[in-house]
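Structure at a glance
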Amino acid sequence: MPSSRRAIMKHILSGLCNKMNRTKVVPTDVMETPLNRCLTTFDIALLGIGHMVGAGIYVLTGTVAKEMAGPGIILSFVLAGFISMLAALCYAEFGTRVPKAGSAYVYTYISMGEFWAFVIGWNILLEHMLGAASVARAWSGYVNSMLGGWIGNTTLELTGGIHEPGLAQYPDVLAFLVCIVYAAALASGVKATAVINSLLTLVNIAVMVLVISVGFWYADTKNWSEAEGGFLPYGVGGVIAGAATCFYAFVGFDSIATSGEEAKSPATSIPIATIISLCVVTVGYILVSAALTLMIPISDINPAASLPEAFGQLNLSWAKYIISIGALCGMTTTLLGSLFALPRCMYAMASDGLLFSCFGKVNAKTQVPLLNLAVSGVLSATLALVFDLAKLVEFMSIGTLLAYTIVSASVIILRYRPMSRLHNPIRAPDTPGSPDDVSDEDSMSQSSLDTASSPTNFLIEEGLAGRLKTKFRYLEPLLGRFEPGSVVSVAVMLYIGLCFAICVELKVSWTELYSGTWWALLIYGFIIFAACLCVAVMAVHNQNTRGLIFKVPLVPFVPALGIFCNILLMVHLDAVTWVRFFVWVCIGLVVYFLYGIRHSNEGETCSSYSILMTSSEAGKLPWGSVKGFASGKMGRHTAIERFTGRTKTEDKRTIAEESDNDAAGYS
């Protein structure tokens, strides 16, 4: 009897682990969606630009220049833009692989499994909620400063102040109403939203061009002289601290990937729009910050409204009002971007069964998830009503950086995973105007030609994906005993852990490292060597790039660098932010284990009878396993073998044997 109980418990735990690690099966027709595919590349690029260019340029620029980096804010934006580009390239590749709403959540579901996908999706929901609330708060604060503080003073007289740490000084009713009004505007449909966003973004870009032109016309290089503190008054440390803050200004390009299910040609539009929007925004930030620090000394910058006040000091009152209009337009597009992405992430998770099914419904007339939009607007408005802007921004950063880290890791994992391990091969969808968009007759002839000539090429690429490269076959006894792709997956996980160790060591033992203490140098050197070894292990394997229109260059080095940079910024966040993050994750885990894991679309139905297995049946494979049917026999694998992907000797076959068997299947 005890053995039966142990067998039942073993299978229950095995089934739980299998459920948490199951990956999303991508449908054959990834272009099919209840949403409206009407967005062009231009629309999506302006959506990304509008989501990024808002509070960052009109509020953040003055704060970083005055209090953190001085004129060195230019280098801060260069560094923050570089780190963002590393993540953006990974988002662009995934956008061509899977043109579905949900962004990082969907990508993680396909590559790393359901549990991590839910964690990322849950944090993306928080990211967009906090993003909308923070921009609404900045929008309200900007209007308040234009009116000389009249809104804030009147609210304090009517309601009194809030004297709780972390909360705002007073309830911001205007920020609450702004969220509600813009959420209602988004309900009109995605095309109307795109038109509004495009117009406001073009106005914002025109204002930026005006600021840059007039700013350089009135530039005075003496403001960068030693008399004013020089170009780096706060040193290199100020530049790095400023980059961590400036990173907030680039949050928003992931909304481009979120719009993949509403793009006409996602395979080409997503990567083009991502790269163009990030390049335009980075150049704009650099030029605006240079113009600001050249116009007036950093000591005269007003952090609350830096650009209007700078032009006001130059007696250019007409420019002051134009900039104020551009600032409101820019923050409006950022708010629209957050409220646009949030309902679609909820829709993606609900469509997969991980969130309540009511959030997976789309209005037939507007083709917009209206319930999601209403809930998003109310929650964001409530946060904007009572929370302080600085706390909202700080809390938002950790979820964003975590999502960027997981997406970068997912790119590496999928690059080295054979197509046979993806239930349906993930290939870039055919798009109008692409070389694949040919007539039926041409398709049939091309298909027959491919059938005659492609099996060999396909089998070679399929057989080599995730395996050691030819020139590294001497590592076969060490790394060749595992399933293709599994070694790379383990190396990625180890690399992420080692990056955390490196960054924590830098933060905690910087004094010992700088002074050359032997034990600190020894530990640090060992960790760096182990991390580099993990990257080298990834690089010695063959990649799977079949069907990709856009590819991240220099994989695994570019995504690995992005992982390290994101973790470096995460480690330097406040400890209280980490506590709040874990509290939010714990709330999400309650939702997942009580609802999501039971209602997931990837789950397999099993009766209660199958749970009460006899002791003789307990020796069979775990529920849901597809291994062991080769040659009509049921193979048995231990838990360690299933985790590492290692197979027994009788289950192993050479590439030549696999190719022969697969070729026979083709014939």
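Conventions and cut-offs
- Each chain carries its own residue numbering, running from 1 in the direction its sequence is written.
- For this predicted model, a pLDDT threshold of at least 70 governs which residues receive local features, and a threshold of 80 or more governs which side-chain atom pairs are given and counted, while totals over whole chains, interfaces and linings are taken from all residues.
- Only hydrogens and water are set aside; all other atoms, that is, all heavy atoms of the structure, feed into the side-chain values.
- UniProt positions are given in the numbering used here, feature names are shortened, and annotations may be inferred rather than shown by experiment.
- Per the convention used, a helix needs a DSSP run of H or I reaching at least four residues, while a strand needs a run of E reaching at least two, with both numbered from the N terminus.
- Here the term buried applies to any residue with accessible area under 20% of the maximum for its type, exposed to any over 50%, and partly exposed to those in between, with areas from a 1.4 Å probe on protein chains only.
- Pairs of residues are marked as contacts when any of their non-hydrogen atoms sit within 4.5 Å.
- Method for areas: the Shrake-Rupley scheme with a 1.4 Å probe, in which residue coverage is limited to the protein chains shown.
- Centres within 6.5 Å make a pair out of two Phe, Tyr or Trp rings, where for Trp the six-membered ring is used; the pair is then stacked when the planes are under 30 degrees apart, edge-to-face when over 60, and tilted otherwise.
- Take the number of residues in a helix, subtract one, and multiply by 1.5 Å to get its expected span.
- Along the arc lie the directions from the helix axis toward the C-beta atoms.
- Between the N-to-C directions of two axes lies an angle of 0 to 180 degrees, each axis being a line fitted to C-alpha atoms and, for a helix, fitted only over the stretch in contact.
- Crossings are assigned a handedness: left-handed for a near helix turned anticlockwise from the far helix by less than a right angle, right-handed for a clockwise turn.
- Each residue is assigned to one class: nonpolar for Ala, Val, Leu, Ile, Met, Phe, Trp, Tyr, Cys and Pro, charged for Asp, Glu, Lys and Arg, and polar for all the others, Gly among them.
- To define a nonpolar core, start from buried Ala, Val, Leu, Ile, Met, Phe, Trp, Tyr and Cys residues and group those joined through side-chain atoms within 4.5 Å.

Taking an unreviewed UniProt entry as the reference, the protein is identified by name as Cationic amino acid transporter 4 belonging to Drosophila madeirensis. Recorded in UniProt for the protein, the comment headed Subcellular location (unreviewed entry) runs: "Membrane".

Turning our eyes to something else, we now look at the overall build of the protein. For the protein, the count of helices and strands is 26 helices and zero strands. Evaluated residue by residue, the protein yields a buried proportion of 53% over its 667 residues. If you take every contact in the protein between residues at least 6 apart in sequence, the share linking residues at least 24 apart comes to 84%. Accessible surface for the protein amounts to roughly 29600 Å². Of this, 66% is attributable to carbon and sulfur atoms.

With that settled, consider the packing of aromatic side chains. One pass over the structure, following the stated rule, counts 19 aromatic pairs. Between Phe-77 and Tyr-285, the aromatic rings sit 4.9 Å apart at their centres with planes inclined by 20 degrees, giving stacked as the arrangement. Of the two residues, Phe-77 sits in helix α4 (residues 73-97) while Tyr-285 sits in helix α12 (residues 266-295), which places them 208 residues apart along the sequence. Residue Phe-77 is classed as buried on the basis of its relative accessible area of 0%.

With that out of the way, let us pick up helix α15 (residues 370-386). Here α15 is 17 residues long and its end C-alpha atoms lie 25 Å apart, about the 24 Å a rise of 1.5 Å per residue gives. Buried within α15 are the following residues: Asn-372, Leu-373, Ser-376, Gly-377, Ser-380, Ala-381, Leu-383 and Ala-384. Buried residues in α15, looked at end-on, bunch into an arc of 160 degrees, giving them a common side.

Moving on to the environment of Leu-342. Along the chain, the position of Leu-342 falls in helix α14 (residues 317-351). For Leu-342, a relative accessible area of 1% translates into the label buried. Here the alpha-carbon distance between Leu-342 and Gly-131, two residues 211 residues apart in the chain, equals 9.8 Å. Setting aside chain neighbours within four positions, we find Leu-342 in contact with Leu-125, His-128, Met-129, Ser-376 and Ser-380.

Once that is clear, we can look at the side chain of Ser-140. Locating Ser-140 in the fold gives a position in helix α6 (residues 114-146). What makes Ser-140 buried here is its relative accessible area of 1%. Beyond its immediate stretch of four places on either side in the chain, Ser-140 contacts Asp-172, Leu-174 and Ala-175.

Glancing now at the packing of helix α8 (residues 173-186) against α14. Relative placement of two packed helices is described by the angle separating their axes and the distance separating the axes. The N-to-C vectors of α8 and α14 enclose an angle of 65 degrees; their axes lie 10 Å apart at closest approach. Handedness of the α8/α14 crossing: right-handed. On α14, the residues touching Val-178, Cys-179, Tyr-182, Ala-183 and Leu-186 of α8 are Thr-332, Leu-335, Leu-336, Leu-339 and Phe-340. Here the residues of the contact of α8 with α14 sort into nine nonpolar, one polar and no charged.

A word on unusual backbone geometry. Val-555 connects to Pro-556 through a cis peptide bond whose omega is 10 degrees. Within the secondary structure layout, Pro-556 lies in the loop between α21 (518-539) and α22 (557-571). In the Ramachandran plot, Asn-315 falls in the positive-phi region, its phi being about 60 degrees despite a non-glycine side chain. Inspection of the secondary structure puts Asn-315 in the loop between α13 (306-313) and α14.

Moving on: the nonpolar core. Within the largest apolar cluster, 165 residues are counted, with the highest numbers of intra-cluster contacts made by Tyr-58, Tyr-91, Tyr-105, Tyr-142, Leu-335 and Tyr-495. Examining the composition of this core, we find that 19 residues originate from one element, α6, more than from any other. Leaving out residues up to four positions away in the same chain, Tyr-495 has contacts with Ala-531, Cys-534, Val-535, Met-538, Ala-560, Leu-561, Ile-563 and Phe-564. Counting residues in hydrophobic clusters, the runner-up holds twelve residues, among them Ala-45, Leu-47, Ile-256 and Ala-273.

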